[in-house]
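One letter stands for each residue in the lines below.
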Amino acid sequence: MTALPTNLTPGTWNFDALHSDFGFVARHAGVSKVRGEFTDFTGTITVADEFENSRVEASANVSSITTGNEQRDGHLQSGDFFLAEEHPQATFVSTAIENFDGAEFDLVGDLTMRGVTLPVTFKAEFNGVAVDGDSSLAGFSATTTVNRKDYGMKFHAAMGGGELLVSDKIVITIEIEAAKQA
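Quick look at the structure, then. Remember, predicted model here, so these are calculated numbers, not experimental data.

**Describing a positive patch on the surface**
Right, so step 1: Residues Arg27, Lys33, Arg35 and Lys169 make up a contiguous surface patch of positive charge.
Right, so step 2: Locating Arg27 in the fold gives a position in strand β2 (residues 21-28).

So this is what it looks like as structure tokens:
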């Protein structure tokens, strides 16, 4: 087992959504990247005495999706993608922390979208701890790639040259600032 990173203390650290980002990137027409994010999400990091025994739980309100285009956002909430009316939450629950080297690690867990739960591994990084008044703040970054079709997002529109209008491969990027009260 590995000791905790410097200044990260055991206990519950709550996501600070105002200083965090839960985003994604998809290729559009095979030539550009479209970025989006969920603006309404919550989560906790329960830090254990040994970092590998820590746990992460997160949930995003799918209807809070924004890409900067209202029509596209509505399409993403539809049955072609998230089916937000029937599956209003996307969730992640960690099952393991592996390969921790003091800063970088693999965050393994179950990602649920559209009622489908599959294992994923985020490449994650601990960004340090800062003190702000009565709170300690910890920063984490994480990235993974999923195939949207594995989660039942079967929308398929091909361009004239055969390129997909929306890529199957979606990159999920997360920047978390979590706070723990003193």
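**Observations regarding the packing of aromatic side chains**
Right, so step 1: Considering all chains together, one arrives at nine aromatic pairs under this definition.
Right, so step 2: A ring pair is formed by Phe38 and Phe82, whose centres lie 5.7 Å apart and whose planes are at 85 degrees; its orientation type is edge-to-face. Of this pair, Phe38 sits in strand β3 (residues 32-38) while Phe82 sits in the loop between α1 (70-77) and β7 (89-98), placing them 44 residues apart in sequence. Both residues of the pair, Phe38 and Phe82, belong to the buried class.
Right, so step 3: Plain terms: the ring middles of Phe92 and Phe122 are 5.3 Å apart, the flat faces sit at 85 degrees to each other, and that makes the pair edge-to-face. Of this pair, Phe92 sits in strand β7 while Phe122 sits in strand β9 (residues 116-132), and the two are 30 residues apart along the sequence.
Right, so step 4: Residue Phe92 is classed as buried on the basis of its relative accessible area, which comes to 7%.
Right, so step 5: An aromatic cluster is built from Phe22, Phe24, Phe38, Phe41 and Phe82, whose rings are joined through pairwise contacts.

**A look at the side chain of Ser20**
Right, so step 1: Looking at the secondary structure, you find Ser20 in the loop between β1 (11-15) and β2.
Right, so step 2: A polar atom in the side chain of Ser20 sits 2.9 Å from the backbone nitrogen of Glu177.
Right, so step 3: For Ser20, the residues in contact, after removing those within four places along its chain, are Phe41, Glu175, Ile176 and Glu177.

**Notes on a negative patch on the surface**
Right, so step 1: There is a patch of like negative charges on the surface, built from Asp101, Glu104, Glu125 and Glu175.
Right, so step 2: Classification of Glu104 by relative accessible area gives partly exposed; the value is 44%.

**So, the side chain of Thr67**
Right, so step 1: Within the secondary structure, Thr67 is located in the loop between β6 (65-66) and α1.
Right, so step 2: For Thr67, a relative accessible area of 14% corresponds to the buried category.
Right, so step 3: One polar contact links Thr67 to Arg72, side chain to side chain, over a distance of 2.8 Å.
Right, so step 4: Within polar-contact distance, the side chain of Thr67 engages the side chain of Asp73 at 2.6 Å.
Right, so step 5: Not counting the four nearest positions on each side in its chain, Thr67 is found in contact with Phe24, Arg35, Gly36, Arg72, Asp73 and Leu76.

**Structural notes on the pairing of strand β8 (residues 104-113)**
Right, so step 1: With respect to burial, β8 is a largely interior element, eight of its 10 residues being buried.
Right, so step 2: The pairing of β7 with β8 spans seven bridges and is classified as antiparallel. Opposite Ala96, over in β8, you have Val108 as the bridge partner.
Right, so step 3: Between β7 and the antiparallel strand that follows it, β8, lie five residues; Asn99 among them carries a positive phi value of about 60 degrees.
Right, so step 4: What sits between β8 and β9 in their antiparallel hairpin is a turn of two residues, with Arg114 showing a positive phi close to 55 degrees.

**Some words on unusual backbone geometry**
Right, so step 1: Residue Leu83 is not a glycine yet carries a positive backbone phi of 50 degrees.
Right, so step 2: Residue placement: Leu83 occurs in the loop between α1 and β7.
Right, so step 3: Positive phi outside glycine occurs at Arg114, with the angle close to 55 degrees.
Right, so step 4: Of note, Arg114 is situated in the loop between β8 and β9.

**Regarding the pattern of salt bridges**
Right, so step 1: The final tally for this structure, using the stated rule, is four salt bridges.
Right, so step 2: Between Asp168 and Arg148 there is a salt bridge, and its shortest N-O distance comes to 3.5 Å. Taken together, the positions of Asp168 in strand β11 (residues 166-181) and Arg148 in the loop between β10 (135-147) and β11 put the pair 20 residues apart, joining distant regions of the chain.
Right, so step 3: The partner of Lys149 in a salt bridge is Asp168, and the shortest N-O contact between them spans 3.6 Å. In this pair, Lys149 is assigned in the loop between β10 and β11 and Asp168 in strand β11, connecting sequence segments 19 residues apart.

Criteria and cut-off values
Residues numbered from 1 in each chain as written. Predicted model: local features only at pLDDT ≥ 70, side-chain atom pairs only at ≥ 80, totals over all residues. Heavy atoms only, no water. Patch = residues over 30% accessible without salt bridge, like charges linked within 9 Å, V, L, I, M, F, W, Y side chains within 5 Å. Areas by Shrake-Rupley, 256 points an atom, 1.4 Å probe, with all protein chains shown as cover. Salt bridge = Lys/Arg side-chain N within 4 Å of Asp/Glu carboxyl O. Lys, Arg positive; Asp, Glu negative; His and termini not counted. Charge placed at Lys NZ, Arg CZ, Asp CG, Glu CD. Helix = DSSP H or I, 4+ residues; strand = E, 2+ residues; numbered from the N terminus. Phe/Tyr/Trp six-rings, centres within 6.5 Å; stacked < 30°, edge-to-face > 60°. Buried < 20%, exposed > 50% of the residue type's maximum accessible area, 1.4 Å probe, protein only. Polar contact = N/O pair within 3.5 Å; in protein donor to acceptor, adjacent residues only side chain to side chain. Contact = heavy atoms within 4.5 Å. Pairing = 2+ DSSP bridges.

So, to be careful, I would describe these as geometric facts and stop short of saying anything about function.
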